[in-house]
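# Understanding the architecture of this molecule
Each chain, letter by letter, is given below.
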Amino acid sequence: MQEIVEHLTPLLSEITGYIYPNEIELHWGLLVVIYPYLTGLVAGAFILASLVKVFNVREVQPTYRISLLTALAFLIVAPLPLLAHLGHPDKSFEIFLTPNMSSAMAMFGFVYAWYLMAVLLLEIWFDYRQDLITWSREKQGFKKWMYRILSLFSTDTSEDALRFDRKASKIITVIGIPSAFLLHGYVGFIFGSIKANPWWSSVLMPIVFLFSAIVSGISLVLLIYMIITPLRGKELDMGCLDKIASYMFYAMIVDFSLEALDFIHRIYESEESIKILGEMVSGKLFTSLIVVQLLIGMIIPLIAITFIKLFRQTPPELRRLIYFVSAILVQVGIFSTRWNVVIGGQLFSKSFSGLTVYKMTFLGLEGLLVSIGLLVLPFLILYVLFLMLPPWMEKIKS
Amino acid sequence: MKNEKIQKIKDKRKKEKVTRRNFVRTFLFTFASLLTPPIVLAEEKIKKTRAWILGENYNPYEHHWGMGIDINKCIGCGRCADACKKENVVPDEPFFFRTWVERYRIYDGNQTVIDSPNGAINGFKDQDQENRNLTRSFFVPKICNQCENPPCVQVCPVGATFITPDGVVLVDDEYCIGCRYCIQACPYGARYLHPETKAADKCTFCYHRISQDLLPACVEVCPTQARIFGEVKKKASPLVRFLRMNKVRVLKPDLNTEPKVFYANLDMEVK
């Protein structure tokens, strides 16, 4: 109680115009920014993996398993920021046990469980089954048992069985694509369906979320692939890199167009809220929206990759550098996209007469420290997954 | 003949063998059962809460509550906001309100200044010191609109907030998980997260009072009877008289929330 009051009192002097008295406390903070960021990465990484299985894009094969494991690592962490932000984390299970069918948020449990159980784990299992069996035969002691358990004690490596594995993982990917769309489109719907909030309330929201998810997921896998391959002392597959960067580029163009459409539509319709939103965008949200999200996270990488596409003779070193830097910028940009949606939607008053402020805390469950922890955790999980289930494709071929 | 029999038995055995297909099918079905936890619909939970809140003498199905607010009568004394905090043990700090009063000052050139210092609990003390011509000025009490079509109830993931048969939107604070989706969904800023219970909180029309045949605290203390409480539909109700005698408006009608708080003499600047 005392803590909240001490946090809120200094904010009173930073309000401009008039806000409803209950609006001084900004309810969805940094943790709720991280949640859509993480699920976006999951959905995007999975879409990249599906390119190999469903659309037969052979070039990106080296990143297939990396994408799947990345999706899994981030999916495991995705619900944690939500849990930490609840007033009563101890009652969170009620969402699963007594869901209110009219609530978009209540569907979280179903969407999440479906995606984890029916899509990601199954696909990984089928893809790794043969290797799990091989490893369980090769290794000794604890590892032998770990792989036996992970393979669910299957031992059949006949040609028939392998054909079935391939077929199953293809079918699961086909189901997985709409599921990945559902996973992240649904997060967009949570915001897009709030009619009280003109910054959120947009039918485009789920689609914008989806394409920004694809952009962020692809760029993350690109980064992981570019960092981990030299660390393993292997050569980067330039064909693969070019292809992934291309897909990132195309997804960015769609994402950019959608966001531009949303922007133009708002200005053209010029509804009641346009004044206060304009004030917000040109003021408190200028740096994170115009500078970081639009310029650094979108326009600069787009120009850089266009440059590579125009001058095909660019030396590989330069291409790699541009891809790497662009992917980092894209990550920063997408994080700031999430920030601008979540925080931006709460900076203006629903009375449309004033703006409030968001002050992050450092300690505490909703503070910066926990958030950084939640952003690092998926990489730790991914590291363990890489150790347990090496995704390196060179070995498999030989 | 014998060979044929043996072949048949072999075929049969082949069929009974645990094939991959069978294994995977059973496996998938086993997983499917994991995905169906015992579901209790929110509706069921709400029924229990209803029974717990209401006494024996009050039948919520016989009532339908609403409120009328006459802007012309409000003097901005803030007694209502103060009484509400005392009656409902709302934290004293100026960030948590079930009801508050806004002051509107509209100057030449349609410049609007709105304020509500501490929800108007201490009244409005600062006088106009600006050298501008005041076109019009008035006070607007705000409260949960007890919508017929409440977005907060729609979005609550667990059904902790619900609409009673008598039309009041309530929160079960022991059931609320504190996700704050309802606070985001309310267009009127009528909800806050209670800093102690960590549950969403809002105006209940003083449900503990109205179910005992008493008026809500804010209505009871209003010195000018700017707030009128009563039945929306019954003819003998003071609210129905209010609705007959005044031209009324609701807040943000375009959002189709169908509020049951009706304002008489509401200005276009009020949002």
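Residues numbered from 1 in each chain as written. Chains lettered and ligands numbered in written order. Predicted model: local features only at pLDDT ≥ 70, side-chain atom pairs only at ≥ 80, totals over all residues.

### Points about the overall build of chain B
Looking only at helices and strands, one finds 9 helices and 11 strands in chain B. When contacts within chain B are restricted to residue pairs at least 6 apart in sequence, those whose partners lie at least 24 apart make up 63%. (Helix = DSSP H or I, 4+ residues; strand = E, 2+ residues; numbered from the N terminus. Contact = placed C-beta atoms within 7 Å.)

### Thoughts on the overall build of chain A
Helix and strand counts for chain A come out as 16 helices and 2 strands. Taken over C-alpha atoms, the radius of gyration comes to 23 Å for chain A, in line with the 21 Å a tight globule of 398 residues would show. Relative to its full complement of 398 residues, chain A shows a buried share of 45%. In chain A, the share of contacts with a sequence separation of at least 24, taken over all contacts with a separation of at least 6, comes to 80%. (Rg over C-alpha atoms; globule rule 2.2 N^0.38 Å. Buried ≥ 20, exposed ≤ 12 C-beta atoms within 10 Å, placed from the backbone.)

### A word on the interface of chain A and chain B
Counting residues at the interface gives 44 residues for chain A and 48 residues for chain B. If you list the elements that add at least two residues to the side of chain A that touches chain B, you get α1 (2-8), α5 (94-97), α6 (108-138) and α8 (159-192) of chain A. Among the residues forming the side of chain A that touches chain B, the class breakdown is 25 nonpolar, 12 polar and 7 charged. (Nonpolar A, V, L, I, M, F, W, Y, C, P; charged D, E, K, R; others polar.)

### Things to note about the environment of Gly373 of chain A
Residues and elements named next belong to chain A. Tracing the backbone shows Gly373 in helix α15 (residues 368-388). Overall, Gly373 belongs to the partly exposed group, with 14 C-beta atoms counted inside 10 Å. In this structure, the C-alpha to C-alpha distance between Gly373 and Ile267, residues 106 residues apart in sequence, is 39 Å.

### Quick look at α15 of chain A
For an α-helix the count is 3.6 residues per turn, leaving residues at separations of three or four pointing the same way. Residues and elements named next belong to chain A. The end-to-end C-alpha distance of α15 is 31 Å, a good match for the 30 Å that 21 residues give at a rise of 1.5 Å each. Of all the bends in α15, the largest measures some 25° and sits at Val376, one to four residues before the proline Pro378. Taken together, the buried positions of α15 are occupied by Val370, Leu374, Pro378, Leu382 and Leu385. (Expected span 1.5 Å × (residues − 1). Bend = angle between axes of the 7 residues up to and from the residue.)

### Describing the domain arrangement of chain B
Examined at the domain level, chain B breaks down into domain 1 (2-34) and domain 2 (42-264). The gap between the C-alpha centroids of domain 1 of chain B and domain 2 of chain B is 66 Å. (Domains from an automatic or database assignment.)

### What to know about the nonpolar core
All names here are of chain A. Core analysis: the largest hydrophobic core is formed by 180 residues, its most contacted members being Val42, Ile218 and Met248. Of the residues forming this core, the biggest block, 18 residues, is contributed by helix α2 (residues 30-53). Beyond its immediate chain neighbours, meaning those up to four positions away, Ile218 contacts Gly44, Leu48, Ile244, Tyr247, Met248 and Ala251. (Core = buried A, V, L, I, M, F, W, Y, C linked by C-beta atoms within 7 Å.)

### Considering the environment of Ser371 of chain A
Residues and elements named next belong to chain A. Relative to the assigned elements, Ser371 resides in helix α15. Ser371 sits in the partly exposed class, given 19 other C-beta atoms within 10 Å. Sequence-distant contacts of Ser371, defined by excluding residues within four places in its chain, comprise Leu30, Leu31 and Ile34.

### Re the confidence of the model for chain B
Put simply, chain B has an average pLDDT of 89, and 89% of its residues get 70 or more. Predicted complex, confidence summary: ipTM 0.91, pTM 0.88. (pLDDT = per-residue confidence, 0-100.)

### Observations concerning the sheet that holds strand β11 (residues 261-264) of chain B
Residue and element names in this part refer to chain B. Read from one edge to the other, the open sheet built from 4 strands follows the order β9-β1-β11-β10, with strand pairing classed as mixed. The open sheet has two edge strands, β9 (227-231) and β10 (248-249), and neither has a second partner. Bridge count between strand β1 (residues 65-70) and β9: 5 bridges; the pairing is antiparallel. In the sheet register, Met67 faces β9, and the bridge partner there is Phe229. Where helix α9 (residues 238-245) meets the sheet, its contacts fall on β1, β9, β10 and β11, and the angle it forms with β9 comes to roughly 115°. (Pairing = 2+ DSSP bridges. Axes fitted to C-alpha atoms, helices over the stretch in contact; angles between N-to-C directions.)

### Notes on the pairing of strand β2 (residues 99-107) of chain B
Residues and elements named next belong to chain B. Bridge count between β2 and strand β4 (residues 134-143): 9 bridges; the pairing is antiparallel. From the neighbouring strand, Ile106 faces β4, where its bridge partner is Arg136. Here β2 hands over to strand β3 (residues 111-115) after 3 residues, with Gly109 in that stretch at a positive phi of 80°.

### A look at the pairing of β3 of chain B
One ladder, built from 5 bridges, connects β2 of chain B with β3 of chain B; its direction is antiparallel. Directly across from Arg103 of chain B, in β3 of chain B, lies its bridge partner Asp115 of chain B.

### Here we look at the sheet that holds β2 of chain B
All names here are of chain B. Ordered in space as β3-β2-β4, the 3 strands form an open sheet in which the pairing is antiparallel. The strands lining the two open edges of the sheet, one partner per strand, are β3 and β4. Along the sheet, successive strands turn relative to each other by an average axial angle of 20°, direction set aside. Here helix α4 (residues 79-88) sits on the sheet in contact with β2 and β4, set at roughly 160° to β2.

### Details of the environment of Leu41 of chain B
Here Leu41 of chain B shows up in the loop between α2 (20-34) and α3 (42-53). Along the chain, Leu41 of chain B and Arg209 of chain B lie 168 residues apart, while their C-alpha atoms are 29 Å from each other.

### Some remarks on the packing of helix α3 (residues 64-77) of chain A against α15 of chain A
All names here are of chain A. At their nearest, the axes of α3 and α15 sit 8 Å apart, and the two run at 135° to each other. When the interaxial angle is binned, α3 and α15 end up oblique. For the element pair α3 and α15, the recorded crossing hand is right-handed. In this structure, α3 uses Leu69, Thr70, Leu72, Ala73, Phe74, Ile76 and Val77 to contact α15, whose residues at the interface are Leu374, Leu377, Pro378, Ile381, Leu382, Leu385 and Phe386. The residue inventory of the contact of α3 with α15, partitioned by class, reads 13 nonpolar, 1 polar and no charged. (Parallel < 35°, antiparallel > 145°, perpendicular 65-115°, else oblique. Left-handed = near helix turned anticlockwise from the far one by under 90°.)

### Observations regarding unusual backbone geometry
The residue Leu152 of chain A is not glycine, and still its phi comes out positive at about 55°. Residue placement: Leu152 of chain A occurs in the loop between α7 (141-150) and α8. According to the C-beta neighbour criterion, Leu152 of chain A is exposed, with 11 such atoms within 10 Å. Backbone geometry at Gln225 of chain B places phi at a positive 55°, although glycine is not the residue there. In this structure, Gln225 of chain B sits in the loop between α8 (217-221) and β9. Overall, the presence of 12 C-beta atoms within 10 Å leaves Gln225 of chain B in the exposed class.

### Concerning helix α9 (residues 205-231) of chain A
Residue and element names in this part refer to chain A. The first and last C-alpha atoms of α9 sit 39 Å apart over 27 residues, in line with the 39 Å expected at 1.5 Å per residue. Burial analysis of α9 places 19 of its 27 residues in the buried class, which makes it a mostly covered element. One or two steps after α9, the chain reaches Gly233, where phi turns positive at roughly 75°.

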